[in-house]
Amino acid sequence: MTVKDIFETMDYGTAPESAAEALRWLVDNGDRFGHFIDGKMTDPAATFDSKNPATGEVLAQVSQATQSDVDMAVAAARKAQGKWTKIGGKARAKYLYALARLVQKHARLLSVLETLDNGKPIREARDVDIPLVARHFYYHAGMAQLMDEELPNREALGVCGQIIPWNFPLLMLAWKIAPAIAMGNTVVLKPAEYTPLTALLFAQICNEAGLPKGVVNIVTGDGTVGEMIVTHDRIDKIAFTGSTGVGRRIRETTAGSGKALTLELGGKSPYVVFEDADMDSAVEGLVDAIFFNQGQVCCAGSRLLVQESIAEDFHARLIARMAKLRIGDPLDKSIDVGAIVDPVQLARITALVAQGGHEGTVHQPVPAPNGCFYPPTLITGMHSSAQLMQEEIFGPVLVSTTFRTQAEAVQIANNTRFGLAASVWTENINLALDIAPKLTAGVVWVNGANMLDAAAGFGGVRESGFGREGGWEGLQAYTKPVGKSVAVKPAKTYGKPEDIDVEGLDRTAKMYIGGKQARPDSGYSKAVYSPKGKLLGHAAIGSRKDIRNAVEAARGATAWSNATAHLRAQILYYIGENLSARADEFAARIQALTGTTASKAQTEVSEAIDTLFTFAAWCDKLDGAAKPVPMRGVALAMNEAVGVIGAFCDDRPLGGLVDLIAPAIAMGNRVVAVASDAYPLAATDFYQVLDTSDLPAGVVNILTGSHEDLAKTLAGHLDIDAVWSFSSADISKTIEHESAGNLKRTWVNNGQTRSYAARDWLAQSVEVKTIWVPYGE
Amino acid sequence: MTTTEVTKTQLNAHLPQVHEPRNAGVPLDLDWALGTQANTSAIERRCATLPARRSVKKDHQAAWLLKAITMIDLTTLAGDDTSGRVKRLCAKAANPVRRDILDALGMDRITTGAVCVYHDMVETAVEALDGTGIPVAAVSTGFPAGLSPFHLRVREIEESVKAGAREIDIVISRRHVLTGNWQALYDEICAFRAACGEAHIKAILATGELGSLRNVARASYVCMMAGADFIKTSTGKESVNATLPVSLTMIRTIRDFHARTGFRVGYKPAGGISKAKASLVYLSLIKEELGDHWLQPHMFRFGASSLLGDIERQLEHHVTGRYSAAHRHAIG
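This structure is a prediction, so every number in the text was calculated from the model and none was measured.

Comments concerning the overall build of chain B
Helix and strand content of chain B: 13 helices and 10 strands. When its C-alpha atoms are laid out on the principal axes, chain B stretches across 55 × 45 × 40 Å. Counting all 332 residues of chain B, 57% fall into the buried class. Considering only contacts within chain B whose residues lie at least 6 apart along the sequence, 75% involve residues at least 24 apart.

Regarding unusual backbone geometry
Backbone torsion omega between B:Phe143 and B:Pro144 reads 0°, so that peptide bond is classified as cis. The topology assignment puts B:Pro144 in the loop between strand S5 (136-140) and helix H7 (150-162). Of note, the phi angle at A:Phe394 is positive, near 60°, even though the residue is not glycine. Here B:Thr141, not a glycine, exhibits a phi torsion of approximately 55°, which is positive. In this fold, B:Thr141 is placed in the loop between S5 and H7. B:Thr141 gets classed as buried once you count the C-beta atoms within 10 Å, which come to 31.

With respect to the interface of chain A and chain B
The partner chain B presents 30 residues to the 32 residues of chain A that form the contact. Counting only elements with at least two residues in the side of chain A that touches chain B, the list comes to helix H1 (3-9), helix H6 (122-150) and helix H11 (279-291) of chain A. For the side of chain A that touches chain B, a count of residues per class yields nine nonpolar, nine polar and 14 charged.

Considerations on the environment of A:Thr198
Residue and element names in this part refer to chain A. Inspection of the secondary structure assignment puts Thr198 in helix H8 (residues 197-208). Through-space distance from the C-alpha of Thr198 to that of Leu170 is 6.0 Å; in sequence the pair is 28 residues apart. Filtering out sequence-adjacent residues up to four positions away, Thr198 remains in contact with Leu110, Leu113, Glu114, Asp117, Pro169 and Leu170.

Describing the packing of helix H10 (residues 213-225) of chain B against helix H11 (residues 244-261) of chain B
All names here are of chain B. With their axes 9 Å apart at the nearest point, H10 and H11 run at an angle of 35° to one another. Seen from above, H10 lies across H11 with right-handed handedness. Residues Leu213, Val216, Ala217, Ser220, Tyr221 and Met224 of H10 touch H11, and the partners they reach there are Pro245, Val246, Thr249, Met250, Thr253 and Phe257. Across the contact of H10 with H11, the residue classes break down as nine nonpolar, three polar and no charged.

So, the confidence of the model for chain B
Averaged over every residue, the pLDDT of chain B is 94; residues scoring 70 or more account for 94%. Quick note on the complex model: pTM equals 0.96, ipTM equals 0.94.

Calculation notes
- Residues numbered from 1 in each chain as written.
- Chains lettered and ligands numbered in written order.
- Predicted model: local features only at pLDDT ≥ 70, side-chain atom pairs only at ≥ 80, totals over all residues.
- Helix = DSSP H or I, 4+ residues; strand = E, 2+ residues; numbered from the N terminus.
- Buried ≥ 20, exposed ≤ 12 C-beta atoms within 10 Å, placed from the backbone.
- Contact = placed C-beta atoms within 7 Å.
- Nonpolar A, V, L, I, M, F, W, Y, C, P; charged D, E, K, R; others polar.
- Axes fitted to C-alpha atoms, helices over the stretch in contact; angles between N-to-C directions.
- Left-handed = near helix turned anticlockwise from the far one by under 90°.
- pLDDT = per-residue confidence, 0-100.

Structure (structure tokens):
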């Protein structure tokens, strides 16, 4: 075309970014790569192809790690870890700073290599991925610098196994490596099989930064390598970002291993547009929400919810906007939608839309070029029951439905197994700030989408996983409280004596469900004897149905989570006060149950009162935060209740119960607590204290029975959001394994006991939700 | 719903001279105008990422810059304008790019979109541009503040039209926007439009003085409802003139107005656009949000005085591969 022709047509033409430098880098490395272990690249062994999805061309040969490679990497990380922790945060900060600077210096090479390997538009790699990578290392250089002063009670976990996905290869590497090494951990990281190349370039950057050998180790390969990492007995923590299916398997596999675990999984994030939204901006926001990175984004706004009154207009505008999207060569700077990462994924997206698209009307206003491309797709007229409204597609496919009212919007938005992110579009700040806390998600964007920053926590709830990345809250995933633990001693139980000594009038200890005393569904009770053989009473033998009832009651007590912190504080104080009034009675009960001394029993009671007062105090003092993110606006970190927490008490008859219900209900959770199996009767006495303290029904439910018998049902219950266990029974593995059902959070003792600071309890009692509120008129 | 036809009155046949059915205006619809929303942060984000989303290179860049020239209202609005100064500007408008550069690019002659002057210079400009087909635009209605007596503002339009101006750039009464007196604004534009007769009316909103993008959007709607042929950002005299966010806000109202009435209203950002690169961003914004139909002189104009010089340098660079200098191009 001549200039004159173009003058008439006003076409864009092409604006290709050169791949020459990146290809040269590959050639310079022989187009073949080994693993990065102990500061050196190993010789390439059995290799697989890393391809450019846009062209199908092979970019390089990458090695499939063997068990011995993984062992070597873990050994190198293990060897390096002690010293890496010991040099202190300030020394580590210098290395992280160097990494940040080097990422910037190699920004273009990294961007082009990322686009070649992944298929994402060069604009995104250049303007989003790589700048965020540098930002993450900068931010965590700062965290390393501040660790010794600001986090004196936390220490590194040890060796972290990290498994990352292919959608943001280097960015996910940064999200994993930066906080880990800042806090003094060493890592063995496996990039995704499809996209290992920038991680291998990063390995060279580690050397350029002078990073001590063994601090970062990178092994490549497919899922079997991931499995070697997950099952490795010398790894202390697994961090995984990827699909919910794999995350679930990792949860099951690591159950009972004592490994710490964080999972950042899939999503089906709602994008809610109210009738008073700036519609054109909301349409444009969808370009960032679902067509960004070809929709291969865990937090993609993939479920559009539009208020009925504007739905027709909105869809028309959206389809017109989609028609303007440019799809094609990812290296072209004027491309909006690049290649799908691999033909396997393309086939998956194609099949899903073929299977489920008929449940609505499919709109594909721009065709996709031949090859590994999928056209931007909108499917309107969907209902919540449609398959594609529920399943993550992980492609540029948006499904849409309508709602009538705010309440219905929340209901539809939360009608999902996932809970990663959500967008809300409205010009009404009352509506925006009212709805944001009601959406079940770890991240909410008001009038925006896919805003990310190192200072702001990111992560999900429900089957989108657990743990946060970014911000102070993200450091929890790579540190543990300082302190030693000891093995739990099983509590002594006392059997039936030859002569039963019955004292006074029969008192029937029932369970406590929904604010009422409840007989066990089983109809069975067990006698509880004192060490001296006195029959102290009978405790109900709880079973599946009792758990079901208790969870229903807890689920229904939503008002507690929405109550003001001040109100919760008053009630916690009141519980403490009422317990205090009956201190002698409880002390006597403890003594009778356990045979401990009077003074120890009194101490347990006074400590329980103290705990109630402490968490009453905390109710309105666990501040959220306004994160200094790089935009005009605020990113609010709000501490929200986890939801319904199931918990197994330790064998302090009263303290074991109060220790866990106090922080949990202080933060607005509802609890299903299973009392000490050996000494259940103080916990059952305690419901009378609760009854007299204005605690709403269902907030605390107390069950009794065998922990072994109840663990599976409680941990497997799909309407529970977290399970804790301080039990003396060997149930940690069962709990972690069963929790995989809905990927609830777990906090188990692994047969160890130790004391925790209030902050540790509180951290387990809240989910940090990040609410992004850009503003400006 | 609208048709285009080649007009016979236009002389420079190399341009796609098309006649758009004029915006006849619609009754004032305040539910529509005031129901509009403009989310500043989201609009700014769109504008911030657009330049990186659309990269126009090589021959395409040259062609786009040439197109930009044809859409410039080459402007002089200075107190010391003289007929000599205006004639020089008109000569530049008729020959905006050195002939050898055009030849090298394989282009025929092009001209700027119009010459824009104060009323007193209209006759001079019309004479100087005789035979070129380049229309003369007059700023009017007590430009730039628009605070002279209403009847004189109307009269000023009539005088300029009589003097041969084919386009009248009027300024709106910002106070009507700031006080929410939308009926007054509507009536004012209707009166100005009537005074324009056959001449096209470009309504200058002085967006830098309207306080918010929401007000910019509302004022855009009211002006279009009253029959504006173009809406224009600024006089060039406000402290903030054309910006991308303001432009995006305004062109989205143009798009919506077209969707609902069938009338295509033109857009003119003015003031502060002095770099070739910036002009490309504006053109891609128009292409993306309004479509190719608006990438023509009768639908889009740049109000600019120094933009042309920068474009000329870029074009010479494109042709020679060497960075150019200002003195190598004729001043206007």
